[in-house]
Amino acid sequence: MDNVDDFPHRASQREQLLALVRLDISITDELIKDKKADNSEELIYSKLESEKRVMDSIRSLVNTMENEDRVRLQISNAASKSQALRTTNLFVFLAITFIILLFIIFWFLGKSFKRRRDSEEETNYLASLVNQTFDAIFSTDEKFVIKSWNKAAEKMYGYSKEEAIGKPLDELIKPIVI
(Lines give C-alpha, C1' and ligand atoms only; values in the text may rest on other atoms or scores of the structure.)
Protein backbone atom coordinates (compact mmCIF):
# COMPACT_ATOMS: atom_id res chain seq x y z
CA MET A 1 0.00 0.00 0.00
CA ASP A 2 1.16 3.56 -0.70
CA ASN A 3 2.86 5.54 1.99
CA VAL A 4 0.40 8.10 3.40
CA ASP A 5 3.11 10.77 3.27
CA ASP A 6 3.36 10.32 -0.51
CA PHE A 7 -0.35 11.09 -0.98
CA PRO A 8 -1.49 13.50 1.76
CA HIS A 9 -4.74 14.23 -0.08
CA ARG A 10 -5.66 10.57 0.39
CA ALA A 11 -5.33 10.55 4.19
CA SER A 12 -9.02 11.21 4.88
CA GLN A 13 -10.14 8.74 2.21
CA ARG A 14 -7.79 6.12 3.60
CA GLU A 15 -9.06 6.65 7.15
CA GLN A 16 -12.64 6.45 5.93
CA LEU A 17 -11.87 3.23 4.00
CA LEU A 18 -10.16 1.64 7.03
CA ALA A 19 -13.16 2.56 9.24
CA LEU A 20 -15.55 0.98 6.71
CA VAL A 21 -13.43 -2.19 6.50
CA ARG A 22 -13.31 -2.43 10.31
CA LEU A 23 -17.09 -1.96 10.41
CA ASP A 24 -17.55 -4.69 7.78
CA ILE A 25 -15.31 -7.04 9.75
CA SER A 26 -17.31 -6.29 12.89
CA ILE A 27 -20.62 -6.97 11.11
CA THR A 28 -19.21 -10.18 9.62
CA ASP A 29 -18.06 -11.33 13.08
CA GLU A 30 -21.55 -10.63 14.47
CA LEU A 31 -23.11 -12.53 11.57
CA ILE A 32 -20.91 -15.54 12.28
CA LYS A 33 -21.85 -15.41 15.97
CA ASP A 34 -25.57 -15.04 15.11
CA LYS A 35 -25.38 -17.94 12.65
CA LYS A 36 -23.71 -20.13 15.30
CA ALA A 37 -26.21 -19.02 17.93
CA ASP A 38 -29.03 -19.85 15.56
CA ASN A 39 -30.53 -16.38 15.86
CA SER A 40 -33.58 -15.39 13.86
CA GLU A 41 -33.46 -15.02 10.12
CA GLU A 42 -34.76 -11.45 10.39
CA LEU A 43 -31.80 -10.40 12.58
CA ILE A 44 -29.35 -12.10 10.23
CA TYR A 45 -31.09 -10.57 7.19
CA SER A 46 -30.94 -7.10 8.76
CA LYS A 47 -27.21 -7.50 9.48
CA LEU A 48 -26.66 -8.77 5.92
CA GLU A 49 -28.38 -5.62 4.64
CA SER A 50 -26.09 -3.51 6.86
CA GLU A 51 -23.05 -5.36 5.56
CA LYS A 52 -24.28 -4.84 2.00
CA ARG A 53 -24.61 -1.08 2.59
CA VAL A 54 -21.08 -1.02 4.12
CA MET A 55 -19.68 -2.99 1.17
CA ASP A 56 -21.45 -0.62 -1.25
CA SER A 57 -19.85 2.30 0.60
CA ILE A 58 -16.44 0.60 0.36
CA ARG A 59 -16.94 -0.04 -3.38
CA SER A 60 -18.06 3.55 -3.92
CA LEU A 61 -15.06 4.95 -2.04
CA VAL A 62 -12.62 2.65 -3.86
CA ASN A 63 -14.27 3.57 -7.17
CA THR A 64 -13.89 7.29 -6.34
CA MET A 65 -10.22 6.78 -5.49
CA GLU A 66 -9.65 4.79 -8.69
CA ASN A 67 -11.38 7.49 -10.77
CA GLU A 68 -9.17 10.16 -9.17
CA ASP A 69 -6.13 8.02 -9.98
CA ARG A 70 -7.29 7.59 -13.59
CA VAL A 71 -7.72 11.35 -13.97
CA ARG A 72 -4.25 11.97 -12.49
CA LEU A 73 -2.80 9.31 -14.78
CA GLN A 74 -4.50 10.83 -17.83
CA ILE A 75 -3.17 14.27 -16.91
CA SER A 76 0.29 12.83 -16.38
CA ASN A 77 0.14 10.95 -19.70
CA ALA A 78 -1.03 14.09 -21.50
CA ALA A 79 1.85 16.06 -19.98
CA SER A 80 4.30 13.32 -20.98
CA LYS A 81 2.94 13.26 -24.53
CA SER A 82 3.15 17.03 -24.72
CA GLN A 83 6.74 17.01 -23.49
CA ALA A 84 7.62 14.21 -25.92
CA LEU A 85 6.08 16.21 -28.78
CA ARG A 86 8.03 19.33 -27.78
CA THR A 87 11.24 17.28 -27.58
CA THR A 88 10.54 15.72 -30.99
CA ASN A 89 9.83 19.13 -32.52
CA LEU A 90 13.01 20.54 -31.04
CA PHE A 91 15.02 17.59 -32.36
CA VAL A 92 13.50 17.99 -35.84
CA PHE A 93 14.19 21.73 -35.79
CA LEU A 94 17.81 21.16 -34.74
CA ALA A 95 18.28 18.43 -37.36
CA ILE A 96 16.87 20.64 -40.13
CA THR A 97 19.00 23.57 -38.96
CA PHE A 98 22.09 21.35 -38.92
CA ILE A 99 21.36 20.06 -42.43
CA ILE A 100 20.81 23.61 -43.73
CA LEU A 101 24.06 24.77 -42.12
CA LEU A 102 25.92 21.82 -43.66
CA PHE A 103 24.41 22.65 -47.04
CA ILE A 104 25.50 26.30 -46.74
CA ILE A 105 29.01 25.32 -45.65
CA PHE A 106 29.40 22.84 -48.52
CA TRP A 107 28.00 25.38 -50.96
CA PHE A 108 30.55 28.01 -49.84
CA LEU A 109 33.35 25.45 -49.91
CA GLY A 110 32.32 24.40 -53.41
CA LYS A 111 32.31 28.01 -54.56
CA SER A 112 35.68 28.61 -52.91
CA PHE A 113 37.22 25.51 -54.53
CA LYS A 114 35.80 26.52 -57.91
CA ARG A 115 37.25 30.05 -57.57
CA ARG A 116 40.59 28.61 -56.52
CA ARG A 117 40.60 26.14 -59.43
CA ASP A 118 39.62 28.90 -61.89
CA SER A 119 42.32 31.16 -60.46
CA GLU A 120 44.95 28.40 -60.72
CA GLU A 121 43.93 27.68 -64.30
CA GLU A 122 44.20 31.38 -65.19
CA THR A 123 47.55 31.66 -63.42
CA ASN A 124 48.86 28.59 -65.25
CA TYR A 125 47.60 29.97 -68.57
CA LEU A 126 49.25 33.34 -67.99
CA ALA A 127 52.48 31.66 -66.83
CA SER A 128 52.54 29.56 -69.99
CA LEU A 129 52.01 32.73 -72.07
CA VAL A 130 54.89 34.47 -70.27
CA ASN A 131 57.18 31.48 -70.84
CA GLN A 132 56.21 31.09 -74.52
CA THR A 133 56.68 34.72 -75.54
CA PHE A 134 59.83 35.94 -77.33
CA ASP A 135 59.96 39.12 -75.24
CA ALA A 136 61.93 39.27 -72.00
CA ILE A 137 59.50 39.50 -69.10
CA PHE A 138 60.38 39.75 -65.44
CA SER A 139 58.78 41.16 -62.31
CA THR A 140 60.12 42.87 -59.21
CA ASP A 141 58.87 43.79 -55.77
CA GLU A 142 58.75 47.34 -54.35
CA LYS A 143 62.52 47.20 -53.62
CA PHE A 144 63.29 46.11 -57.20
CA VAL A 145 64.26 42.58 -56.22
CA ILE A 146 63.50 40.16 -59.07
CA LYS A 147 60.56 37.83 -58.38
CA SER A 148 60.02 36.19 -61.80
CA TRP A 149 62.15 35.70 -64.92
CA ASN A 150 61.04 34.08 -68.19
CA LYS A 151 63.05 32.09 -70.82
CA ALA A 152 63.32 35.07 -73.14
CA ALA A 153 64.90 37.10 -70.29
CA GLU A 154 67.39 34.22 -69.78
CA LYS A 155 68.43 34.45 -73.46
CA MET A 156 68.49 38.24 -73.59
CA TYR A 157 70.39 38.90 -70.34
CA GLY A 158 72.34 35.65 -69.99
CA TYR A 159 71.20 34.76 -66.48
CA SER A 160 69.23 31.63 -65.68
CA LYS A 161 65.96 31.88 -63.81
CA GLU A 162 67.61 30.47 -60.65
CA GLU A 163 70.44 33.06 -60.85
CA ALA A 164 68.13 36.02 -61.43
CA ILE A 165 65.33 35.48 -58.91
CA GLY A 166 66.06 37.13 -55.56
CA LYS A 167 68.77 39.50 -56.91
CA PRO A 168 68.37 43.26 -57.10
CA LEU A 169 67.52 44.44 -60.63
CA ASP A 170 70.42 46.87 -60.85
CA GLU A 171 72.94 44.03 -60.33
CA LEU A 172 71.73 42.19 -63.42
CA ILE A 173 70.68 44.98 -65.73
CA LYS A 174 72.84 48.06 -66.08
CA PRO A 175 71.06 51.15 -67.38
CA ILE A 176 72.40 52.56 -70.60
CA VAL A 177 73.29 56.22 -70.37
CA ILE A 178 73.06 58.19 -73.61
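Note: the structure precedes this text.
No experiment lies behind these values; they were computed from the predicted model shown.

## Some words on helix H2 (residues 41-132)
Link 1 in the chain: Here H2 contains 92 residues, and its C-alpha end-to-end distance of 132 Å stays within 8% of the 136 Å for a straight helix at 1.5 Å per residue.
Link 2 in the chain: Buried within H2 we find Ile44, Lys47, Glu51, Val54, Ile58, Leu61 and Met65.

## Remarks on the side chain of Glu51
Link 1 in the chain: Following the sequence through the fold, Glu51 ends up in helix H2.
Link 2 in the chain: Lacking a salt bridge, the buried Glu51 has Arg59 as its closest oppositely charged neighbour, with an N-O distance of 8.5 Å.
Link 3 in the chain: At a separation of 3.0 Å, a polar atom in the side chain of Glu51 contacts the side chain of Thr28.
Link 4 in the chain: Residues contacting Glu51, with those up to four places away along its chain left out, are Asp24, Ile27, Thr28 and Leu31.

## Details of the packing of aromatic side chains
Link 1 in the chain: Across all of its chains, the model carries 4 aromatic pairs by this definition.
Link 2 in the chain: Plain terms: the ring middles of Phe138 and Trp149 are 5.5 Å apart, the flat faces sit at 35° to each other, and that makes the pair tilted. Within this pair, whereas Phe138 is found in strand E1 (residues 138-140), its partner Trp149 is found in strand E2 (residues 146-149), the two being separated by 11 residues in sequence.
Link 3 in the chain: A relative accessible area of 27% places Phe138 in the partly exposed class.

## Here's the deal with helix H1 (residues 11-36)
Link 1 in the chain: Taking 1.5 Å of rise per residue, 26 residues should cover 38 Å, and H1 covers 37 Å from first to last C-alpha, within 8% of that figure.
Link 2 in the chain: For H1, the complete set of buried residues consists of Gln13, Arg14, Leu17, Leu20, Asp24, Ile27, Leu31 and Asp34.
Link 3 in the chain: For H1, the secondary structure elements touched by its buried residues are H2.
Link 4 in the chain: Among the residues trailing H1, Asp38 stands out with phi positive, at a value near 60°.

## A look at the side chain of Arg10
Link 1 in the chain: Within the secondary structure layout, Arg10 lies in the segment before H1.
Link 2 in the chain: Taking relative accessible area as the criterion, Arg10 reaches 4% and is therefore assigned buried.
Link 3 in the chain: One polar contact links the side chain of Arg10 to the main-chain carbonyl oxygen of Met65, over a distance of 3.1 Å.
Link 4 in the chain: Sequence-distant contacts of Arg10, defined by excluding residues within four places in its chain, comprise Met65, Glu68, Asp69 and Arg72.

About the thresholds
- Residues numbered from 1 in each chain as written.
- Predicted model: local features only at pLDDT ≥ 70, side-chain atom pairs only at ≥ 80, totals over all residues.
- Heavy atoms only, no water.
- Helix = DSSP H or I, 4+ residues; strand = E, 2+ residues; numbered from the N terminus.
- Expected span 1.5 Å × (residues − 1).
- Buried < 20%, exposed > 50% of the residue type's maximum accessible area, 1.4 Å probe, protein only.
- Lys, Arg positive; Asp, Glu negative; His and termini not counted.
- Salt bridge = Lys/Arg side-chain N within 4 Å of Asp/Glu carboxyl O.
- Polar contact = N/O pair within 3.5 Å; in protein donor to acceptor, adjacent residues only side chain to side chain.
- Contact = heavy atoms within 4.5 Å.
- Phe/Tyr/Trp six-rings, centres within 6.5 Å; stacked < 30°, edge-to-face > 60°.

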